[in-house]
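Structural overview for review
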Amino acid sequence: MQELRNLFSLMVGSKRKYVDPSRAVEILKDAFKSSESQQQDVSEFTHKLLDWLEDAFQMKAEEDREGEKPKNPMVELFYGRFLAVGVLEGKKFENTEMFGQYPLQVNGFKDLHECLEAAMIEGEIESLHSAENSARSGQEHWFTELPPVLTFELSRFEFNQALGRPEKIHNKLEFPSMLYMDRYMDRNREITRIKREEIRRLKEHLTLLQQRLERYLSYGSGPKRFPLADVLQYAMEFASSKPVCTSPVEDIDSSAPPGGTTGQQPPPLSTAEQDSLPPLESSGPASGPTTALAAAQQQRVPIHKPFTQSRLPPDLPMHPAPRHITEEELSVLEGCLHRWRSEVENDTRDLQGSITRIHRTIDLMYSDKSMMQVPYRLHAVLVHEGQANAGHYWAYIYDPHQRCWMKYNDISVTKSSWEELVRDSFGGYRNASAYCLMYINDKKPFLIEEEFDKETGQILSGMDKLPPDLKQYVKEDNELFDKEIEEWDILQAHKAQQEKLALATAAAAASSAASSTPTSSSSPQPMSTESSPPDNTVPQQDPEYMEQPSPTNDSKHLQEDTERAISRAAAEQEERSPEALLNAAIKLEYARLLRFAQEDTPPENDYRLQHIIVYFIQNQAPKKILERTLLTQFADRNLAFDERCKSIMNVARAKLDLIKPEEVNMDEYEMWHQAYRNFRETTILMMTGLELFQKTNYVEALMYLIYSYQYNKELLSKGLYRGHDEELLGHYRRECLLKLNEQAAAMFESGEEPEVTTGLGIMNELVVPCIPLLLIHDTERDMLAVEDMRNRWCSYLGQEMESNLQEKLTDFLPKLLDCSTEIKSFHDPPKLPSYSTLELCERFSRIMAAICRVPTEGR
């Protein structure tokens, strides 16, 4: 009790983010140690804890009492009484019993009221309030006194006799935020019995109505059934179709080509169509205008024939129809079918209306004011995720002052919502569900209201709420924490100083080595800001993929494209001035890249990697950004050193220098180029991860796939063509984690110490930190993958194994079963290899082509 006082006082007044409960937990462990199992059942633990606290308060109360009966706050807060009224072997009885946590079965019920109704009635109860004294046995429970804090223990575990082990029940069970307990109170016994009898009668009537409705909605005697109204409608449509006198298999000539008659000639081409055809190459001596025309007509056949040949013969109806039907027959039949359909539709509506009214009557049975006088508000929900033998626990607690739900998950306390609570607590979704509900009496505000100072009347908060001895205890712990922070700050400052010294030493060594190495003059160097051009303007620094300091493979590739555009412009352009040639070359280069941007390409051929302009066009970059980027390409110093290229380069550089800041926003320009750099980096991460995955090197592949997925998601948030296929990356990220989980599980199953350690290392260092990334976006396939991984490890719980393996498994499982989406620790991004554009495109093409060859189910 003393240790819990200390723990709770630290939770009230500590400066720390979280409080270490180890001392209290160790005492509880010793007190509750069980020879049968290592892990205490949570409900059993809570029962024992409440009993122990009750005993501790009782001892203290008996010490302090002065003649009067001592009060026990545990009993007053958490314990209530109920009256058991029943018949045992024909004899009636009444007993009053005390209860703390009230147990409720979950299996077979859809909401909390159904559970309570079932728990309040045991056995056959007709004899309880009948005149006959039969030999039947049964009992009812009626609450005589409810505690201020009403706790329901939801039994979500049952023993599977066939498998010889406990199993968790994952069924969905709804519970309200406000629970009215009037119908279960002894003082309302008679009225509740009347209402229960009325509900039973209504449910019997409801069952009959639903059976009748089902006959209308699923009509027929065969395996396939249809709504009766639709059957009558189809019969009416058939009868009303135009009668035909031919069989559906007649008038179809099986010898003719499908869709038309043999020898059908295509219509002749018009003069305009003939003129628009491209010239045909000669295929022999007979070629000429006539042959060209015939060939053109042959070319035209496949375009027009499908439309003329796919028409049905005019006599063949689109749907089956009667062979013979007279006007009189049709009139009588239509009249009957119309009338019958109207009758069926009216009957169906009446049945549906009656069913809805009965449901509403049952729902409102206890909604009158007299049955809403005992309100209990939901205050806390305890949640378990996992299987019967292991799992992770967290809680939702309502904060009445902030008017919101708070989620308490290990060291993390975050604001939550009713929607999140419902998702995690109702069950039927993942393996998480509530196992304990705590309601508080809504008419007793002292349970949640603020504390006030008796002398000043001010609201007490934090440390002010604590008695003097606990105030001192928390104050000393906070002083200790302050001292720990000071020591940590000193240690960090010392580390930073050492790192600074090491960097300075390395820089000095590098500078010394550089001064002793002669500079090569074989390749042109980039212009520095100190050596400005004659007009004293400083050129903007070009992005590395647009210009390289020396003619690398990357710049050579770009340089060849630029020179090709200049050569074409010179061949097509009459005016030979450098400026005219530059404008013409830029137009030609833009037209080429525009074709690439608009082309529908296979996955292995991504033109965005070949040129930044393709990326800009597809992502609708502003025109000024495109123009400046193309000018930068033609201003490259590494262009061939003939006079024409030199003069065009100089014009391009001059044009760049003349662009005013207000014409092109340089921040926006840099932002677009940075976006492209990010795209290339993401591509390299993805490519490397996929390549390693194909080589079954899953440990190394994982970080590349994880980071490429995260970076790619960020890119796609700004536009559809900013990144790569999210589903593809998501699939390989998921598959890589599943493969690693499989490897680690196999190592654990081996039972060999080094293998087990390595397997658990893979899980703890790689797989477990990545699970929140799969849970955070709530996609079905990712959720299923997480469930598969967890189920694999939970399946070991029912197996016999060495005690050291059991201990390791028990220690590991809570980490795996933690369904928090908080990313606690993560590896740094992997280092990226450097690729030229040509190398990048080739490797990308090869890897994507290999992926496309994998069968669909393997992708």
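Rules and cut-offs
- Residues numbered from 1 in each chain as written.
- Predicted model: local features only at pLDDT ≥ 70, side-chain atom pairs only at ≥ 80, totals over all residues.
- Heavy atoms only, no water.
- Salt bridge = Lys/Arg side-chain N within 4 Å of Asp/Glu carboxyl O.
- Helix = DSSP H or I, 4+ residues; strand = E, 2+ residues; numbered from the N terminus.
- Buried < 20%, exposed > 50% of the residue type's maximum accessible area, 1.4 Å probe, protein only.
- Core = buried A, V, L, I, M, F, W, Y, C linked by side-chain atoms within 4.5 Å.
- Contact = heavy atoms within 4.5 Å.
- Arc of directions from axis to C-beta.
- Expected span 1.5 Å × (residues − 1).
- Polar contact = N/O pair within 3.5 Å; in protein donor to acceptor, adjacent residues only side chain to side chain.
- Pairing = 2+ DSSP bridges.
- Phe/Tyr/Trp six-rings, centres within 6.5 Å; stacked < 30°, edge-to-face > 60°.
- Lys NZ or Arg CZ within 6 Å of the ring centre and 35° of its normal.
- pLDDT = per-residue confidence, 0-100.

Quick look at the pattern of salt bridges now. The full count for this structure, using the stated rule, is 41 salt bridges. The partner of Glu190 in a salt bridge is Arg193, and the shortest N-O contact between them spans 3.5 Å. Of this pair, Glu190 and Arg193 both sit in helix H6 (residues 189–217), 3 residues apart, roughly one helical turn. In this structure Arg193 comes out as buried when scored by relative accessible area, which is 15%. Between Glu742 and Arg792 there is a salt bridge, with the nearest N and O atoms lying 2.8 Å from each other. You can see Glu742 sitting in helix H20 (residues 726–750) and its partner Arg792 sitting in helix H22 (residues 780–794), a full 50 residues away along the chain. The class of Arg792 is partly exposed, set by a relative accessible area of 22%.

Across soluble globular proteins, you tend to see nonpolar side chains buried next to one another. If you look at the biggest cluster of nonpolar residues, it comprises 99 residues, and the most contacted ones within it are Phe616, Phe634, Leu702 and Trp793. With residues near it in sequence (within four places) discarded, Trp793 still touches Asn741, Ala744, Ala745, Phe748, Leu760, Met763, Leu809, Phe812, Leu813 and Leu816. Counting residues in hydrophobic clusters, the runner-up holds 36 residues, among them Leu104, Leu112, Met185 and Tyr396.

In an α-helix, one turn spans 3.6 residues; hence positions three or four apart end up facing the same way. Of all the positions in helix H11 (residues 418–425), only Leu421, Asp424 and Ser425 are classed as buried. Down the axis of H11, the buried set is contained in an arc of 85°. They therefore lie on one face. Those residues of H11 that are buried lie in contact with strand S10 (375–386), strand S11 (391–399), strand S12 (404–409) and strand S14 (432–441). Gly427 sits one or two residues past H11 and shows a positive phi near 90°.

The end-to-end C-alpha distance of helix H10 (residues 327–363), which contains 37 residues, comes to 53 Å, matching closely the 54 Å that a straight helix rising 1.5 Å per residue would cover. By the burial criterion, the buried members of H10 are Leu330, Cys336, Leu337, Val344, Thr348, Leu351, Gly353, Ile355, Ile358 and Ile362. Looking at the buried residues of H10, the elements they touch are H6 and helix H7 (228–240).

All right, on to the environment of Arg608 then. Structurally, the position occupied by Arg608 is in the loop between helix H14 (578–598) and helix H15 (612–618). When the C-alpha positions of Arg608 and Arg722 are compared, they lie 9.6 Å apart, and in sequence the two are 114 residues distant. Once you skip the residues sitting within four places of it in the chain, Arg608 turns out to touch Val614, Tyr615, Gln618, Tyr676, Phe679, Tyr721, Arg722, Gly723 and His724. Of note is the side chain of Arg608, whose polar atom sits 2.7 Å from the backbone oxygen of Tyr721.

Here Glu476 shows up in helix H12 (residues 468–515). In this structure, the C-alpha to C-alpha distance between Glu476 and Ser14, residues 462 residues apart in sequence, is 10.0 Å.

As paired strands, strand S1 (residues 80–88) and strand S2 (residues 91–99) are joined by 9 bridges and run antiparallel to one another. Following the sheet pairing, Leu88 is matched in S2 by Lys91. Linking two consecutive strands that pair antiparallel, namely S1 and S2, is a turn of 2 residues; a positive phi of about 50° is found at Glu89 within it.

Right, let's get into the packing of aromatic side chains. Across all of its chains, the model carries 23 aromatic pairs by this definition. Of the aromatic side chains, those joined through ring pairs into one cluster are Tyr615, Phe616, Trp672, Tyr676 and Phe679. Over the aromatic face of Tyr669 sits the side chain of Arg628, whose NZ or CZ is 5.3 Å from the ring centroid. Directly above the ring of Tyr709 sits Arg733, whose terminal nitrogen or CZ lies 3.8 Å from the centroid.

This part takes up the confidence of the model for the chain. Averaged over every residue, the pLDDT of the chain is 80; the share at 70 or more is 79%. Element-level pLDDT for the chain is lowest in helix H8 (residues 271–276), with a mean of 42, against a maximum mean of 96 in strand S9 (residues 178–180). The low-confidence segment residues 256–313, where pLDDT is below 50, has 32 contacts with residues more than four positions distant or belonging to other chains. Across residues 855–859, where pLDDT falls below 50, the model places 6 contacts with residues more than four positions away in sequence or in other chains.

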